[in-house]
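Structural overview
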Amino acid sequence: MCFPAIPAPPSRKSYHMKNALTFLVLGAALSACGGSDHAAPEAPVTPPVVVTPVADPVTVASQAVAAQAGLAVIAGANADETVYDVAADIGDTWRITFDSAKKTYAIRVLSTQFGLSDRSGTFSAVTAGHLTTYTATDFSVTVDARTRLLSGNIKLGNMASTVSGTGYAVGDVARLAGSYIFLGAMRNASNGGDRFNPKGSLKVAADGSAQLCNGGVFNAQGVCSAVSPQLEAENASLTLIKYAKNGLLVARQGGQDFGIVHVHAGDRGLALFIDRYSRNQQNVLRVGTIVAARQQKIGSEIAGSYACAAPGISAKIEIAGSTATLTNNTSGKTHAETITVNKLGLGAQAADFDGIAVFKDPADVPADYSMFMPVSSSMAVEFSTDRSYMGMCVKK
């Protein structure tokens, strides 16, 4: 605190003038010491703008599907690890773990038809929006963070395979009950021969029993019926069993395994990836993949860009309106195909079938076409009649 100096008493002659001066000096001194009652007004404070984040609709829908089905995220050893169980189209099931802190991956073989062994290594990763692509030697997969879907190509040992799978594990088989449609591709494990393309309907009951209707649909009486005179409907009875030892969900047919089932929580509903393997009546090992999705009409929502992978093939599909533009990333060649939605097959095998689109290159022979089935906003599967493999297509 400071105080102004006190002036000597003035003479009477100069009293009025000096008295006025005294008050001026006193006022200035008080102002300098903070004694004034009139401080400068403060500038108005602008309140901060509160931005409410908008939840991603695909993420919200996928999480709701997972919760309704009682699915649980596959846990890693620590918070840095994310884990995915995948179906390899050679008839194997693998568990892939990424450690984001160490930048390492590990492949654990859960089931194999070829005596394959575990593998681990380091990876590099690139994230674009909701998609992260992990690459390493003989290893390229993409993960959609919204739905915990993984898809790509991996070579393990001397076997190259397309893989697709999920970051979720099944809790209660009963909650998978419902109606699905499916596409698949199978072949002999030894030489790739005797190709077979199952397609049709799948019905899962709450008790774990399931009916797979190849080439048809289930009528009002629940009987597997052909959708076209050119297709012969075949019914297979399955039982879904969750093994306590490893937590895997296995489909059994009679006394042998039909395949291992992985469940994807898509925003369009549940989808099933079946690692298909079994021996036929001639004791020939048959392998492949079946993908099943909830049946619903498709339309303009399939428009967009897809990165597709199959053994030895890398391609891009651009869908706009009734045209699909396909680019072979290896050769660089591009061509356009016409799209017919909600059909199963073309020509003599054409039949109304919600959930599948047919692509046709006008330059190809009538028997050559491909079927495209959206599984979720994350991916679709594509099967061409001139190949023995099914393509897994990640939507960008």
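Residue indices begin from 1 for each chain and proceed along its sequence in written order. At least 70 in pLDDT is required for a residue's local features to be given in this predicted model, at least 80 for side-chain atom pairs to be given and counted, and no such filter applies to totals for whole chains, interfaces and linings, which use all residues. Here the side-chain values reflect all heavy atoms present in the structure, with hydrogen atoms and water set aside.

**What about the pairing of strand 25 (residues 334–343)?**
How we decide: Strand pairing requires that DSSP identify at least two bridges connecting the strands. Elements are defined by DSSP. Helices are runs of H or I of four residues or more, strands are runs of E of two residues or more, and each kind is numbered from the N terminus.
Relative to strand 25, strand 24 (residues 323–328) runs antiparallel, the two sharing five bridges. Looking at the pairing, Leu 326 lines up with His 335 of strand 25. Counting the residues that bridge the hairpin from strand 24 to strand 25 gives five residues, and of these Gly 332 lies at a positive phi of roughly 80 degrees. For strand 25 and strand 26 (residues 352–360), the ladder comprises five bridges, and the chain directions are antiparallel. Pairing of Lys 343 across the sheet is with Asp 352, part of strand 26.

**Regarding the pattern of salt bridges**
The condition is simple: Criterion for a salt bridge: a side-chain nitrogen of Lys or Arg within 4 Å of a carboxyl oxygen of Asp or Glu. Buried, partly exposed and exposed residues are distinguished by accessible area as a fraction of the type maximum, computed with a 1.4 Å probe on protein chains only: under 20%, between the cut-offs, and over 50%, respectively.
All told, the structure shown has eight salt bridges when counted by the stated rule. Linking Asp 89 and Arg 187 is a salt bridge whose minimum nitrogen-to-oxygen distance equals 3.8 Å. Taken together, the positions of Asp 89 in the loop between strand 2 (81–88) and strand 3 (92–99) and Arg 187 in strand 12 (residues 178–188) put the pair 98 residues apart, joining distant regions of the chain. No difference in accessibility class separates Asp 89 from Arg 187, as the two residues are buried. Between Arg 146 and Asp 144 there is a salt bridge, with the nearest N and O atoms lying 2.9 Å from each other. Neither residue differs from the other here; Arg 146 and Asp 144 are each classed as buried.

**Quick word on the state of the cysteines**
The test is simple: Cysteine sulfur atoms are paired as a disulfide whenever they come within 2.5 Å of each other.
Counted under the stated rule, the structure contains two disulfides. A sulfur-sulfur distance of 1.9 Å marks the disulfide that ties Cys 213 to Cys 224. Where Cys 213 bonds to Cys 224 through sulfur, the torsion about that S-S bond is close to 75 degrees, and the disulfide is right-handed. Of this pair, Cys 213 sits in strand 14 (residues 209–214) while Cys 224 sits in strand 16 (residues 224–226), and the two are eleven residues apart along the sequence. You can call Cys 224 buried: its relative accessible area is 18%. Between the sulfur atoms of Cys 308 and its disulfide partner Cys 393 the distance amounts to 2.1 Å. Given an S-S torsion of about 115 degrees, the disulfide between Cys 308 and Cys 393 has right-handed geometry. You can see Cys 308 sitting in strand 22 (residues 304–310) and its partner Cys 393 sitting in strand 29 (residues 390–395), a full 85 residues away along the chain. Of the residues examined, Cys 308 reaches a relative accessible area of 10% and is grouped as buried.

**Describing the sheet that holds strand 18 (residues 249–253)**
The criterion, for reference: To get an axis, fit a line to the C-alpha atoms, keeping to the stretch in contact for a helix; angles then go from 0 to 180 degrees between the N-to-C directions. In this analysis, two residues are considered to be in contact whenever any of their non-hydrogen atoms come within 4.5 Å of each other.
Here we have eight strands rolled up into a closed barrel, ordered 12-13-14-17-18-19-20-21, and antiparallel in their pairing. Averaged over neighbouring strand pairs, the angle between their axes works out to 30 degrees when direction is ignored. Bridge analysis of strand 13 (residues 199–204) against strand 14 gives five bridges, and the strand direction is antiparallel. Opposite Gly 200, over in strand 14, you have Asn 214 as the bridge partner. Packed on one face of the sheet, helix 2 (residues 57–68) meets strand 19 (256–266) and strand 20 (269–279) and runs near 135 degrees to strand 19.

So, to be careful, I would describe these as geometric facts and stop short of saying anything about function.
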